[in-house]
Amino acid sequence: MVKISEKWDELLSGLFSSESYLSLREFLKKEYSTRTIYPSMFDIFNSMKMTDFDDVKVVIIGQDPYHEEGQAMGLSFSVPKGIEKPPSLQNIFKEMAAELDCDIPESGDLSGWAKQGVLLLNSVLTVRAHAANSHKGKGWEEFTDGIIKIISEKKENVVFILWGGNARSKKPLIDQNKHLILESAHPSPLSAYNGFFGCGHFIKTNEYLIKHKKLPINWSKL
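Below is a summary of the structure that appears in this document. (Residues numbered from 1 in each chain as written. Predicted model: local features only at pLDDT ≥ 70, side-chain atom pairs only at ≥ 80, totals over all residues. Heavy atoms only, no water.)

**Some words on the layout of surface pockets**
It is the rolling of a water-molecule-sized probe over the atoms that shows where space remains empty. Applied cut-off: The method works on a 1 Å grid over the protein atoms by themselves. A cavity is a set of points holding a 1.4 Å probe that cannot get out, a pocket is an open set with protein on both sides within 12 Å along at least five of seven lines, and residues with an atom within 4 Å of a point line them. Grid points are joined across faces, edges and corners, and a volume is the space filled by probe spheres set on the points. Elements are defined by DSSP. Helices are runs of H or I of four residues or more, strands are runs of E of two residues or more, and each kind is numbered from the N terminus. Each residue gets one label: Ala, Val, Leu, Ile, Met, Phe, Trp, Tyr, Cys and Pro are nonpolar, Asp, Glu, Lys and Arg are charged, and the others, such as Gly, are polar.
Roughly 440 Å³ of internal volume is contained in the largest pocket. Surrounding the largest pocket, 28 residues form its lining, Asp64, Pro65, Tyr66, Ser88 and His186 being those nearest its centre. At the level of secondary structure, the elements contributing two or more residues to the lining of the largest pocket comprise α4 (87-100) and β3 (118-122). A class-by-class count of the residues in the lining of the largest pocket yields 15 nonpolar, 12 polar and one charged. As for the second largest pocket, its lining consists of Val2, Tyr21, Arg25, Leu28, Lys29, Tyr32, Met41, Phe42, Ile44, Phe45, Lys49 and Trp140. Among the elements that take part in the lining of the second largest pocket, helix α2 (residues 19-34) stands out by supplying five residues, more than any other. Across the lining of the second largest pocket, the residue classes break down as nine nonpolar, no polar and three charged.

**Here we look at the packing of aromatic side chains**
The condition that has to hold: Here the aromatic set is Phe, Tyr and Trp, taking the six-membered ring for Trp, and pairing holds for ring centres within 6.5 Å; pairs whose planes are under 30 degrees apart are stacked, those over 60 apart are edge-to-face, and all others are tilted. Classification of residues uses two cut-offs on accessible area relative to the type maximum, computed with a 1.4 Å probe and protein chains only: under 20% is buried, over 50% is exposed, and between them is partly exposed. Note on criteria: charge over ring means Lys NZ or Arg CZ within 6 Å of the ring centre, with the direction from the centre no more than 35 degrees off the ring normal.
The final tally for this structure, using the stated rule, is 18 aromatic pairs. Consider the rings of Trp140 and Phe143, whose centres lie 5.7 Å apart with planes at 75 degrees: the pair is edge-to-face. With a gap of three residues between them, Trp140 and Phe143 both fall in helix α6 (residues 140-154), about one helical turn apart. With relative accessibility at 0%, the residue Trp140 sits in the buried group. Grouped by ring-pair contacts, the aromatic residues Phe77, Phe93, Trp113, Trp163, Tyr193, Phe196, Phe197, Phe202 and Trp219 constitute a single cluster. The ring of Phe53 carries the charged tip of Lys155 above its face, separated from the ring centre by 4.9 Å.

**Examining the pattern of salt bridges**
Just so we agree on the cut-off: Whenever a carboxyl oxygen of Asp or Glu lies within 4 Å of a side-chain nitrogen of Lys or Arg, that contact is scored as a salt bridge.
The final tally for this structure, using the stated rule, is eight salt bridges. Between Arg35 and Glu31 there is a salt bridge, and its shortest N-O distance comes to 3.5 Å. The exposure class of Glu31 is buried, given its relative accessible area of 4%. Taking the shortest distance from any N to any O, the salt bridge between Asp145 and Lys170 comes out at 2.9 Å. Of this pair, Asp145 sits in helix α6 while Lys170 is found in the loop between α7 (165-168) and β6 (180-184), placing the two residues 25 residues apart along the sequence.

**As for the side chain of Lys57**
Operational definition: The charged-residue count follows a simple rule in which Lys and Arg add positive charge and Asp and Glu add negative charge, with His and chain termini not counted at all.
Structurally, Lys57 can be placed in the loop between α3 (46-50) and β2 (58-62). Look at Lys57: it is buried, it has no salt bridge, and the nearest opposite charge is Asp55 at 8.2 Å.

**Notes on the state of the cysteines**
For the record, the criterion: Two cysteine sulfurs form what is called a disulfide whenever their separation falls within 2.5 Å.
In the structure shown here, the tally under the stated rule is zero disulfides. Note on Cys199: no disulfide assigned, nearest cysteine sulfur contributed by Cys102 at a separation of 14 Å.

**Things to note about the sheet that holds β3**
Selection criterion: Here the rule is simple: two strands pair whenever DSSP picks up at least two bridges between them. Each axis is a line fitted through C-alpha atoms, taken for helices only over the stretch in contact, and angles between the N-to-C directions span 0 to 180 degrees.
If you trace the four strands from one edge of the open sheet to the other, you get β3-β2-β5-β6, paired in parallel fashion. The open sheet is flanked by β3 and β6, the only strands paired with a single partner. Across the sheet, the mean angle from the axis of one strand to that of its neighbour is 20 degrees, orientation sign disregarded. Strand direction decides the pairing type here: β2 and β3, joined by five bridges, are parallel. Along β3, the bridge assignment pairs Val58 with Val118.

Pasting the structure below:
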């Protein structure tokens, strides 16, 4: 079984032993041995390695990893330091800067958010090079839906940020009586002007966390 952390391992043991995941694992073995797959197999579970279960305060759900060389790092929307920021991430930073009256960060590495309790979780955790959504429907969705359900059931007062149709489809998995759900269009250039810009999600998240006696996220700290 994959080792993430003692708490995540305990909570996810049923998912890791499921028929769906075992089938996915065999598929991934073949994919990694015969094709170029992102991220590195050592980075697939970085979202949970960087944000332990007890620390999760915010969940930002992405679709699948970036599919060009050097971009994917196992955190939704994030790219490593030194890699050009993709358009969606550029728009996320524009919205953040407008809301918080701060500078746009030079780096697109969102590890600083992860370390503050923001789980940066993609629905699908792997992808073939140059082929978006190529690992869609292979079993990752059942696994990550399971993670969302576990967080919803076992924690209270978490902010779930759902940008775009794929993320918004996860809304039924979340107990709205215990958590805050923030929804908008996707930050992609194709849809950002249809409701992502001006969504106020960075401020609303921190207002909710403060209301529930949790430390707010320092969004500009990367």
